[in-house]
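As a plain string of letters, each chain reads:
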Amino acid sequence: MDKSKVTLHVSVLHASLEHASYPLAVGHYEGDTIVGAEAVLDNKMGKRLSQRRLMNLYPGKVGTVDVILEPQGQNQGEVKGALIIGLGDVGQITPDIVCRGVTEAALRLALARLDLAQSRLPTGAAATADLVTPQRVSAGFSALLIGTRGARGLSIQNAVAATVKGALMANRVLAERDLLGQVCVDAVEFVEYYGDLATQAAHAVTQVKQYLRMTPTADEEIKPAKFLRHGEGGYAGQPTHEYDAGWWQPIQIKEPKEPLQGHSKGELQFLRLTDRARAELTLQATQRLLVERLVDKTVREPSSDLNLPATLYELLLPNELKDQPLESTNLLLLLDSATAQYPWEMLAERVLDEAHVGDEPLQPLSVRVGMVRQLESMDFRSHIQAPRSPNALVIGEPLLDDPSYPALPGAQAEAEAVASVLENFGYTVTKLIQKDAVTIIGALYAKEYRIIHVAGHGIYQPKNKKQSGVVLGKDIYLTPAEIGQLRVVPELVFLNCCHLGRIDAGPAAQQDEEHLQQQAWNKLAASVSETLINIGVRAVVAAGWAVNDRAARLFAETLYGRMLDTDAPAPFGDAIRMARVAIYDNYRHTNTWGAYQCYGDPGFALKVGASSREAAKRRYVSFSEVLREVENYQASASRTTDKGWRTRYQKQVVELEQRIKTEMPKDWYNGELMYALGAAYSELQDFRGAIMRFEEALSASGAAEQVPIQVVEQIANLSSRYVWMQYKEKAESNVSVAESGPVSAWSVKGLLDNAQKKLESLVQLAPTAHRYALLASCYKRRAMVSNADEERRHALTECAENYEKAYEMSQNSDTPYSGLNWINAQVLAGIEDDAQRAKLREAFNKSLQSDPSKTSQDFWARVKPGDIELTRLLLEGAEDAINKMQSAYEQVFRLGGTTRERSTVIENLEFVVAMLHWGAQEKEANKLAEEANRWREKASRLQTVVDVLLASK
């Protein structure tokens, strides 16, 4: 084993904290009592935490830590110890505080582990001067999601990254002291009690390298676990108050219109806004001309030289601000038109301390932390209409008739890449590459857009600002004025134009305008971003100078890909930082990483398109996620009657099931999941698929605990429904419905026999109205598919008898479903005498007494008026019943209803139609021609209703 290399395993355990595999790291705010998970840990450790707090030895201040190990904590379910980390004041937490605290705690744990290992060496060896342990000792630790509590807490992603970074920093310190060969931090296990938060943490672990804010060395490997682990005692849901999304430190930077008393003109005013409702005011004296020349040089020389950005850092920022750990907190810059001219994203600090061993000595601030701008503005649109559809307009190098502009093949490639990413996430993209001005402007107003992305030439003309914008042709431009005319305002506008994205610096900056008029873009040009923000665009990304083609493409792909990630979509601020990191890591020889000025709310989120092609590629880290996804497909299928959407959902369910079988832990494909899959296939009208999954669920290991007994009812119900579906398909194709040969499990007789057998067993075990009704519907389908009169009559009779039993057990119910079906079946089977007819009339009159459709939104309550009219037609022969019935059913269908619910109504009508035709034949054979004609007339008119309802689907 190479003891200079360390693989750090990172995982998440969903369980109560006593099941942590290692000593548990927790954070403690200064002045806090021991509460929550910390209190549970204290109790498990015999109040050893409370003892230290009572003696004023408990960590709380930043930089204080304590390590308490439990020598008896060796077995599962026993606490292994505690790493207490002081977090300082509530609301002042930063990732850097967590990182430094974890580093020190991990080092103390490592030394304690090393001491223990050495103490166990054979007697005599302990006196050896060059004592080393024979095998490297593990100083792995478990951790809560430290620092995520409260309105100013860290995001889960930042808490995970800060903890992992602390573990890496501890290993680097051990390496510096030549101890890494003897002890190392090789495991970080996050423990979370709440299932939803554990799932979020597991996703953060899979993406931890993107949030780490440091570059691992060649000797460091981070190995994130692919899936969430489950232990005992975890809670399935989420806490009453979810963890907050993290804080962005607001810093207001402005140029006072009038110099403050005792200060000179040109100074910048910095206000560091804190969560304690105070602003820390600092003024920085600025030599405007010197700064402008440095900015101009930075903009014009796209090199890897960070000396200019570092010089700007020293000149522009006040010392009071430099002394604060800006590298640990995301920054929200609140700028005015004057201060927005400066390339704040280019600032780099010449600092190398123990927390950044191995990092770039001049790593830019905007790469290390998130940095988003907001613009001070008094001129904005008061009423904004947001886009409703997932549409995007992507423009790549408009077709120009002006030879003075060079070709931009990189802009075309960027547009192609962006269009591809957006289409993969379900967006409808209008892609215009090398198109003329008329085509582009026409497309701009053709539909509403959520995203507008432009890659091409931009121009700033200080003497004619109305002609500053994207070049569409000779003296033709796409300016903010055209976008401002859109009634539906896009949510995000991305302008990646060579010379675009600056804010007008005002008169003070125009003194050198004549000298640079031909290349005015390098001055702080027209306020394209400002105008877009004023009209209501929620996020604007604008390139401040010419960018490297490949780096620009990577930036755009990363930004959209992270914001639209189907697993854990990143908000605007985080996605911007990830995009900057991506191009800095890959194209640091350019300064493109600092070119993008990004305005908006850091928490702004884009919506994924309606039918993302990336959905099948979603990452799953926990069983609960997969189960919920299947249940969501079931719910989605139940809400749509569109056949095209059901086909899409079915394809996605099939693909997901295949991934579960091939890519995920085998124990995930259990009875609970198969039951959910069966329910999803049922809603998708794939009855055979549903029956197979339900059967698998019944036979799965642990089915008694995971699968409800109702699965047997559903198998029986779906079996008989599948029979009817097969029967209709054959009849519509003019294929003989008569079966020959041996009975198989999937033959009509085999399915009906199996369904009947299951239901009769359930009725014997525990009779319920629902089970009798299901048995009756099984006989109903027997009657439908039977070719023999006696067999059909017997099936109808059994159908009526079982509906009657169901009615008798449900007479206290407001839903007269069983009673009305009993009456219908009995009329179709034949009423034996006046006594039976009177009994049927009594049941019918009782069904009229309550009307749940007036108080319930349940589909079956709403169809009651139509069901009553159907029974009135059959029992009383009412002439007006059919029209009333059709009107009632059509109204219910207009209000909604799932495909399954609507199919049940239509199938019942088809059953009545078929039985009326059969009954008419019998009556005609018995010389009852007049009555036979009445039955045929009813059947014909009911068929018209069926046709109308089928058309409404």
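In the block above lies the structure referred to throughout.
Values in this document were obtained by computation on a predicted structure and should not be read as measured data.

Two elements in contact, helix H25 (residues 789-809) and helix H31 (residues 899-925), have axes separated by 12 Å at closest approach and are oriented at 130 degrees. Taken together, the axes of H25 and H31 lie oblique to each other. In this structure, H25 meets H31 at a crossing whose hand is left-handed. Facing H25, whose interface residues are Asp-789, Arg-792, Arg-793 and Leu-796, H31 presents Phe-911, Met-915, Trp-918 and Glu-922. Class assignment for the residues of the contact of H25 with H31 results in four nonpolar, no polar and four charged.

Glancing now at the environment of Val-394. Positionally, Val-394 belongs in strand S16 (residues 391-396). Relative accessible area serves as the criterion here: at 0%, Val-394 is assigned to the buried category. Note: C-alpha distance between Val-394 and Ile-451 (57 residues apart in sequence) is 8.2 Å. Leave out the neighbours within four places in its chain, and Val-394 touches Ala-415, Val-418, Ala-419, Leu-422, Val-429, Thr-430, Lys-431, Leu-432 and His-453.

Moving on, we come to the environment of Gly-231. Within the secondary structure, Gly-231 sits in the loop between strand S10 (229-230) and strand S11 (248-254). Given a relative accessible area of 34%, Gly-231 falls into the partly exposed group. C-alpha separation for the pair Gly-231 and Leu-13, spaced 218 residues apart in sequence, amounts to 6.6 Å. When sequence neighbours within four positions are dropped, the list of residues in contact with Gly-231 reads Leu-13, His-14 and Ala-15.

Further remarks concern the side chain of Ser-720. Relative to the elements of secondary structure, Ser-720 occurs in helix H22 (residues 710-732). Judged by its relative accessible area of 0%, Ser-720 is buried. A polar atom in the side chain of Ser-720 sits 2.9 Å from the backbone oxygen of Asn-717. Side chain to side chain, Ser-720 and Arg-781 meet in a polar contact 3.0 Å long. Among all residues touching Ser-720, those that are not within four sequence positions of it are Leu-752, Cys-778 and Arg-781.

Once that is clear, we can look at the packing of aromatic side chains. For the structure on display, the rule yields 16 aromatic pairs. When the ring of Phe-494 is compared with that of Phe-555, the centres are 6.1 Å apart and the planes differ by 70 degrees; the resulting orientation is edge-to-face. Of this pair, Phe-494 sits in strand S22 (residues 492-497) while Phe-555 sits in helix H15 (residues 549-563), and the two are 61 residues apart along the sequence. Here Phe-494 falls in the buried class, since its relative accessible area comes to 0%. When the centroid spacing of 5.7 Å and the interplanar angle of 85 degrees are considered together, the rings of Tyr-584 and Trp-593 count as edge-to-face. Both residues of the pair, Tyr-584 and Trp-593, count as buried. Through a chain of ring-to-ring contacts, the aromatic side chains of Phe-494, Phe-555, Tyr-560 and Tyr-596 assemble into a single cluster. Above the ring of Trp-746, the side-chain terminus of Arg-688 is found at 4.2 Å from the ring centroid. Positioned above the aromatic ring of Trp-935 is the side chain of Lys-923, whose terminal nitrogen or guanidinium carbon lies 4.4 Å from the ring centre.

Parameters at a glance
Residues numbered from 1 in each chain as written. Predicted model: local features only at pLDDT ≥ 70, side-chain atom pairs only at ≥ 80, totals over all residues. Heavy atoms only, no water. Axes fitted to C-alpha atoms, helices over the stretch in contact; angles between N-to-C directions. Helix = DSSP H or I, 4+ residues; strand = E, 2+ residues; numbered from the N terminus. Parallel < 35°, antiparallel > 145°, perpendicular 65-115°, else oblique. Left-handed = near helix turned anticlockwise from the far one by under 90°. Contact = heavy atoms within 4.5 Å. Nonpolar A, V, L, I, M, F, W, Y, C, P; charged D, E, K, R; others polar. Buried < 20%, exposed > 50% of the residue type's maximum accessible area, 1.4 Å probe, protein only. Polar contact = N/O pair within 3.5 Å; in protein donor to acceptor, adjacent residues only side chain to side chain. Phe/Tyr/Trp six-rings, centres within 6.5 Å; stacked < 30°, edge-to-face > 60°. Lys NZ or Arg CZ within 6 Å of the ring centre and 35° of its normal.

Function cannot be inferred from these measures alone, as they are strictly geometric.
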